[in-house]
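Take a look at the letters that make up each chain.
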Amino acid sequence: MKIFDTINIREADKVTILNQGLTSFQLMERAANEVFLWIKKHRPDKETTFHVFCGQGNNGGDGLVVARLLHEANYPVWVDIVAQAGTPTPDFEAALQKVKEADMECNLNANYTYEKDKLVYIDALFGTGLSRDLHPEVVKVIERINACDGKVLSIDVPSGMFMDKTTAVAVESHVVLTFQFPKLAFYLPGNSRFINKIAILDIGLDKDYIANTPTSYYLSDCPSILHRYRPVSRFAHKGTQGHALIIGGSYGKMGAVVLAAKAALKSGCGLVTAYIPKCGYDIMQTAFPEAMALTEGQEHITKIGFDMQPKAIGIGPGIGQHEETQQALHDFLKLNNTPLVVDADALNILSYNKEWLPLLPENTIMTPHPKELERLMGSWNNDFDRLEKMKAFASAHNLILVAKDAHTMVVHGGTVHINTSGNAALATGGTGDTLTGIITGLLAQGYNAVDAAIFGVHLHGLTADVAVEHTGMQAFTASDVVTYMGKAYLHIEAELHKK
Ligand SMILES: NC(=O)C1=CN([C@@H]2O[C@H](COP(=O)(O)OP(=O)(O)OC[C@H]3O[C@@H](n4cnc5c(N)ncnc54)[C@H](OP(=O)(O)O)[C@@H]3O)[C@@H](O)[C@H]2O)[C@@H](O)CC1
Ligand SMILES: [K+]
């Protein structure tokens, strides 16, 4: 799914108004009606009290239309228009006129009573038009909303959130009901406290404009990753499903390579070989009898050489940073042309030896967590700067960066794919190793590198989504990624058959 910036969203509005013969106020009413329908579906009882906070731009106009529709549907509604939140736009004025005609009063400044759990704040102060810091009076209103004990629904964006720069104060929203497109700012780590759930409402913007307008940002949700999925052929056998090689492990860190190897096999590849130091031989053969094991070095890897031809290689889990291992990595990179995934200490070794980066085959996939990312490409000033730096780094080295975070981002060339699957249960040791295994396993099956990264990240997150119902958040471990891979695939199959 495409993510558009504010300029493209405005353009989509204009094209829609022109092509569908609408007025801009009709489009506002259409958008607000979608919000109303969402609310009616989720709050069908008429005992909920809605307190709507409106600015005076078009976001405030949306708020007024929603307030009127709720009032007409016999919900108790209170409306506050905040004078310091924008200058009245014509569509805001039109919405206000209709509110008055419906005999609704605004800014009553009165106390209302409501039952526990029956208060919903609707946040319509600012939308995508916020362009400068908030007036202190608006900050006060936002603080009041954030301190309330009701649920908060934000129309289009949590008010106060900038679309293109760092946000200091904004509404902490329970659900953002956003129009047509997900917004980039929603998925940035620094904005996580303002966002809980996001519902994307289709307001019928021009389909051709959306399809034909390029963007650098995409959301990888379940429907949009399906075209990257390659179901297993009826004629598959272990020879056709690909052979993955996982290189890693050192004394005390064998679990990482066991997890990666298991995840690679569970991702669907036919064969997995683990290349490990001798101290890990018994561990690997016992913990994971399905894998073949090649050993070298006693407690860490000192040389990397093999006379097999894997379809893909994952290197790094548990490998450590011993000097001999560093040299082994360098010598291996000089000779290797096989599609590659680089993770963990192999990434750290590369960070200390950036002159080795040109040795990586084109479209090598790197899977850094935030600290590893910083070591690789240097620090960043804010989330937007981080995005630019990631795009520049991936382009400069012809790499695919999988920047792990709550919303993992897959960056290649100037394009960023933001993942939506997964949850906080994944914040536990070893899950990164399983991601390396999954992506390597997909590469071995013949997925191209971009698909392997995007689909692999999604599948990895999905294991946690399907598992937590059974494991709970706290008890989920990296082994559960492996255990629930089958359920995650079944979920994807079910989505595929829905189409
Ligand atoms: N296709 C869609 O998605 C549709 C979108 N729609 C809705 O339109 C919303 C965008 O509306 P919008 O452009 O009027 O901007 P909004 O966010 O209401 O801000 C209001 C104005 O305030 C001003 N201003 C800026 N910063 C300020 C500040 N700190 N303190 C004070 N004032 C400040 C600034 O005007 P300025 O003063 O700069 O001229 C700004 O324009 C969008 O989020 C969605 O809800 C639907 O109606 C239809 C379909
Ligand atoms: K808003």
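Residues numbered from 1 in each chain as written. Chains lettered and ligands numbered in written order. Predicted model: local features only at pLDDT ≥ 70, side-chain atom pairs only at ≥ 80, totals over all residues. Heavy atoms only, no water.

According to the domain assignment, the chain contains domain 1 (2-214) and domain 2 (226-498). When each unit is reduced to the centre of its C-alpha atoms, the spacing between domain 1 and domain 2 is 41 Å. With 11 residues of domain 1 at the contact, the number on the domain 2 side is 10 residues. Both sides of the domain 1 and domain 2 interface together cover about 850 Å² of buried area, and 76% of this is carbon and sulfur. Among the residues domain 1 hides against domain 2, the three largest losses belong to Tyr187, Leu188 and Pro189. Together they make up 58% of the total. At the boundary of domain 1 with domain 2, the tally comes to zero salt bridges. The interface formed by domain 1 and domain 2 holds one residue pair in polar contact (both at pLDDT 80 or more) in total. For the side of domain 1 that touches domain 2, a count of residues per class yields six nonpolar, three polar and two charged. (Domains from an automatic or database assignment. Contact = heavy atoms within 4.5 Å. Buried area = accessible area lost by both parts, 1.4 Å probe. Salt bridge = Lys/Arg side-chain N within 4 Å of Asp/Glu carboxyl O. Polar contact = N/O pair within 3.5 Å; in protein donor to acceptor, adjacent residues only side chain to side chain. Nonpolar A, V, L, I, M, F, W, Y, C, P; charged D, E, K, R; others polar.)

Attention now goes to the coordination of the potassium ion (ligand 2). The coordination sphere of the potassium ion (ligand 2), as far as protein atoms go, consists of Asn59 (OD1), Asp123 (O), Phe126 (O), Ile155 (O), Val157 (O) and Ser159 (OG), spread over 2.6 to 3.0 Å. Considering all six donor atoms around the potassium ion (ligand 2), the spread of angles at the metal, 67 to 175°, places the coordination shape in the irregular class. (Donors = N, O, S within 2.8 Å, 3.2 Å for Na, K, Ca; no water. Tetrahedral: all angles 85-135°; square planar, octahedral: opposite > 155°, others 65-115°.)

Moving on: the site of ligand 1. The environment of ligand 1 is made up of 24 residues, and the closest members are Asp13, Asn59, Asp62, Gly127 and Asp156. Within the backbone of Gly86, a nitrogen or oxygen atom sits 3.4 Å from a nitrogen atom of ligand 1. Residue Gly127 places a main-chain N or O atom 2.5 Å away from an oxygen atom belonging to ligand 1. About the coverage of ligand 1: the protein hides 83% of its 920 Å² of free accessible area. Within the residue set of the shell around ligand 1, elements represented by two or more residues are helix H1 (6-19) and helix H3 (58-72). Among the residues making up the shell around ligand 1, the classes are represented as eight nonpolar, 10 polar and six charged. (Near = heavy atom within 4 Å. Areas by Shrake-Rupley, 256 points an atom, 1.4 Å probe, with all protein chains shown as cover. Helix = DSSP H or I, 4+ residues; strand = E, 2+ residues; numbered from the N terminus.)

UniProt's entry tags Asn59, Asp123 and Ser159 with the feature "binding site: K(+)" (unreviewed entry), counted in the numbering of this structure. Look at the named residues: they lie 101 residues apart in sequence, but the longest C-alpha span between them is just 9.1 Å, so in the fold they bunch up. On the accessibility criterion, Asn59 (8% relative accessible area) is buried. Excluding residues that lie within four positions of it along the chain, Asn59 makes contacts with Asp123, Ala124, Leu125, Phe126, Gly127, Ile155, Asp156 and Ser159. Relative to the helices and strands, Asp123 resides in strand S4 (residues 119-124). A relative accessible area of 0% means that Asp123 is categorised as buried. For Asp123, the contacting residues outside a window of four places in its chain are Phe53, Asn59, Val152, Leu153, Ser154, Ile155, Val157, Pro158, Ser159 and Val171. (UniProt positions renumbered as here; feature names shortened; annotations may be inferred. Buried < 20%, exposed > 50% of the residue type's maximum accessible area, 1.4 Å probe, protein only.)

Here helix H4 (residues 90-101) is 12 residues long and its end C-alpha atoms lie 17 Å apart, about the 16 Å a rise of 1.5 Å per residue gives. Among the residues of H4, those classed as buried are Asp91, Phe92, Ala95, Leu96 and Val99. Buried residues along H4 cover an arc of 140° about the axis, so they all sit on one side. Seen from the open side of H4, the exposed residues pointing more than 90 degrees away from its buried face are Pro90, Lys100 and Glu101. (Expected span 1.5 Å × (residues − 1). Arc of directions from axis to C-beta.)

On to the sheet that holds strand S2 (residues 49-54). Each strand in a sheet pairs with another by means of backbone hydrogen bonds, the pair being arranged parallel or else antiparallel. Read from one edge to the other, the open sheet built from six strands follows the order S3-S2-S4-S5-S6-S7, with strand pairing classed as parallel. Single-partner strands in this sheet number two, and they are strand S3 (77-81) and strand S7 (197-201). The mean angle between the axes of side-by-side strands here comes to 20°, regardless of whether they run parallel or antiparallel. As defined by bridge partners, strand S5 (residues 151-155) adjoins strand S6 (residues 175-179) across three bridges and the pair is classed as parallel. Bridge pairing in S6 places Leu153 opposite Val175. (Pairing = 2+ DSSP bridges. Axes fitted to C-alpha atoms, helices over the stretch in contact; angles between N-to-C directions.)

Here we come to helix H15 (residues 449-471). For H15, with 23 residues, the first-to-last C-alpha span of 32 Å sits near the 33 Å given by 1.5 Å per residue. Summarising burial for H15: 20 of the 23 residues are buried, a large majority. Sitting at the head of H15, Asn448 places a side-chain oxygen 3.1 Å from the backbone nitrogen of Val450. Remark: Gly472 follows H15 within two positions and exhibits a positive phi of approximately 75°.

When you line up the elements, Asn348 lands in helix H11 (residues 344-352). For Asn348, a relative accessible area of 6% gives the class buried. A polar atom in the side chain of Asn348 sits 2.7 Å from the side chain of Arg375. Sequence-distant contacts of Asn348, that is, excluding residues within four places in its chain, are made with Gln321, Glu372 and Arg375.

The next subject is the nonpolar core. Among the nonpolar cores identified, the biggest contains 55 residues, and Met284, Ile365, Val402, Phe455, Leu459 and Ile492 are the most heavily contacted of them. Those elements that place two or more of their residues in this core are strand S9 (243-247), helix H8 (254-266), strand S10 (271-276), strand S15 (400-403), helix H14 (431-444), H15, helix H16 (478-483) and helix H17 (485-498). Excluding residues within four positions of it along the chain, Ile365 makes contact with Leu340, Val341, Val342, Ile400, Val402, Ile439, Leu443, Ala449 and Ala453. With 53 residues, the next largest nonpolar core counts Met161, Tyr217, Ile304 and Val411 among its residues. (Core = buried A, V, L, I, M, F, W, Y, C linked by side-chain atoms within 4.5 Å.)

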